[in-house]
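# Commentary on secondary and tertiary structure
Each chain is listed here by its residues.
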Amino acid sequence: MYILVINVGSSSVKFTLYSREHMRPTANGQIDRIGLEAATVHYRSGKGERIFPGADIADINDGVNLISELLTDPQAGVIASEHEITVVGHRVVHGGEKMKAAVLIDEEVKSTIRACFDLAPLHNPANLKGIEASEERFPRALQVAVFDTAFHSTLPDNAYLYALPHELYETDKIRRYGFHGTSHCYVSRRAAETLGRPLRDLKIVTCHLGNGCSITAVDGGRSVDTTMGFTPLEGLPMGTRCGDIDPAILLYLMRQRDLSVDQLETLLNQESGFLGLGGIGTSDMRDIEAAMLEGDPGARRVIDVFAYRIKKFIGAYAFAMGGLDSVVFTAGIGENSPLIRERVCAGLEDYGIVVDEDRNHRPGGSIREIQHQGGRVRILVIPTDEEKEIASQALELVSGAT
Ligand code: AMP
């Protein structure tokens, strides 16, 4: 019996198939450019890798059908029939205040996902399409939704409330929700295993640093504060998103530059962050690091601002939790950039945070500790695996039900 994890974006679907026995991926892949001319399909299994450029995939339904065909293909497939898939786990970005854990999908859950369309307009509609396509294609399987926001449902009200008129929270539910919850949850569990201590005894700051970036304070296994807010725009600077800014900047730009709401949305989401601040035409941290090493001042600016903001949040969250046992780095930059890790932790010896240069530069790929001997705070690099976390949560939920 198998669990299929599906992660649908606006024009892409990622999928991973796990066998329920050992919870290791049996096959996985990605379909990009759905609905555009010439979609591309990558598929990997124990039988090798296949890439199909220029496929004709009109919509998410076609995408989900293709996934099923690939998995059951006599040559490339790994299962004899799609009925072997007993559970499908769906990543859903926004579950609002209602969704506090993984749930079996029914009409009420779908209407909650629909009710959050305005809060996650790029993600929730696509996530729901994926669910409906999967219900059609895998009618015998249990469909489970795992929400990015759910891990942060434990935020206390002093962390999730904004100092706006309270009526805006009560009527429009304007509050901090937090995102990347599946990743923060996964790495905090792995951190506890690595440290050999129960999660409930640990105060951890998890730094998810990828194209999107967020930091979470995890106290006793519960998210107690996180940098992303009402939307995934708040907090750290990211590839193309600005992160925290003075909200009055928006008013200034509307009045002085006559910018429309749509123009502001594009500016803040797509033209800011590393791309905008650096001004060197890239949001990719690898390129930015390479440019910095060649002395580019824009690239230096990005790295200085980014590392400083991360450091500031780690400090803030250590204070908020009243202690710090471990800092975890994860996602594309967190896992692969010794430079950013070193810059974030520089000068924190008095707080027990000391990176070991040699350990920090060792090649990655697996969980490792990078603190200097004697450093009190354990500094971990943990490859995130949101798909595996979705599969585990889905399995946990349905255990006994299948
Ligand atoms: P993600 O969204 O988790 O896939 O992360 C994407 C980000 O990770 C991009 O900014 C990449 O440039 C960055 N990244 C990936 N590999 C490296 C690396 N070796 N050094 C620095 N940044 C990296």
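Here is a short report on the structure shown in this document. Along every chain, residues carry numbers that run from 1 in the direction the sequence is written. Per-residue local features are limited, in this predicted model, to residues with pLDDT of at least 70; the limit for side-chain atom pairs, both in listing and counting, is 80 or more; totals at the level of whole chains, interfaces and linings are taken over all residues. Processing note: side-chain calculations cover all non-hydrogen atoms of the structure and skip hydrogens and water entirely.

Each α-helix turn comprises 3.6 residues. Residues three or four places apart therefore point the same way. Working definition: with a 1.4 Å probe on protein chains only, accessible area under 20% of the residue-type maximum means buried, over 50% means exposed, and in between means partly exposed. In DSSP terms, a helix is any run of H or I states spanning at least four residues, a strand is any run of E spanning at least two, and both are numbered starting from the N terminus. Those residues of helix α10 (residues 285-293) not exposed but buried are M285, I288, E289, A291 and M292. Around the axis of α10, the buried residues are gathered within 160 degrees of arc, so they sit on the same side. For α10, the exposed residues lying more than 90 degrees away from the buried face are R286 and L293. Looking at the buried positions of α10, the neighbouring elements they touch are α9 (273-278), α11 (297-321), α12 (331-336) and α13 (338-345). Under this definition, polar contacts are N or O atom pairs within 3.5 Å; protein pairs additionally need one hydrogen-donor-capable and one acceptor-capable atom, and for neighbouring residues in sequence, both atoms have to be side-chain atoms. Of the residues flanking the start of α10, the one acting as N-cap is D284, its side-chain oxygen 2.9 Å from the backbone nitrogen of R286. Where α10 ends, the next residue or the one after it, G295, has phi of about 90 degrees, a positive value. Comment: arc refers to directions from the helix axis out to C-beta atoms. By the convention used here, residues are in contact when the closest approach between their heavy atoms is within 4.5 Å.

Here we come to the pattern of salt bridges. Side chains that differ in charge, positive against negative, can pair when their charged atoms come close. A pair is scored as a salt bridge if a Lys or Arg side-chain nitrogen falls within 4 Å of a carboxyl oxygen belonging to Asp or Glu. Applying the stated rule across the entire model yields 19 salt bridges. Across the pair K110 and E107 runs a salt bridge whose closest N-O atoms are separated by 3.1 Å. Linking K110 with E107, this pair stays in helix α2 (residues 107-115), spanning three residues, or about one helical turn. We note a salt bridge from D358 to R362, for which the minimum N-O separation is 3.1 Å. Relative accessible area serves as the criterion here: at 45%, R362 is assigned to the partly exposed category.

All right, on to the site of the ligand then. Taken together, G210, N211, S283, D284, M285, R286, E289, A331, G332, I333, N336 and S337 make up the full set of residues adjacent to the ligand. Within the backbone of N336, one N or O atom sits 3.4 Å away from a nitrogen atom of the ligand. Secondary structure elements with two or more residues in the shell around the ligand: α10 and α12. By residue number, the principal contributor to the shell around the ligand is α12, which donates four residues. Proximity is defined per residue: any heavy atom of the residue falling within 4 Å of a molecule or strand makes that residue near it.

Right, let's talk about the sheet that holds strand β9 (residues 203-209) for a bit. By definition, two strands form a pair when at least two bridges between them are found by DSSP. Strand order across the open sheet formed by six strands is β11-β10-β9-β12-β14-β13, with mixed pairing between neighbours. On the outer flanks of this sheet lie β11 (222-226) and β13 (368-369), each paired with one strand and no other. The pairing of β9 with strand β10 (residues 213-219) spans seven bridges and is antiparallel. Counterpart to T206 in the pairing with β10 is T216. Axis angles are defined between N-to-C directions and span 0 to 180 degrees, where every axis is a line fitted to C-alpha atoms and, for a helix, only to the segment in contact. In this fold α13 packs onto β9, β12 (326-330), β13 and β14 (378-381), with an angle of close to 150 degrees to the strand it touches most, β12.

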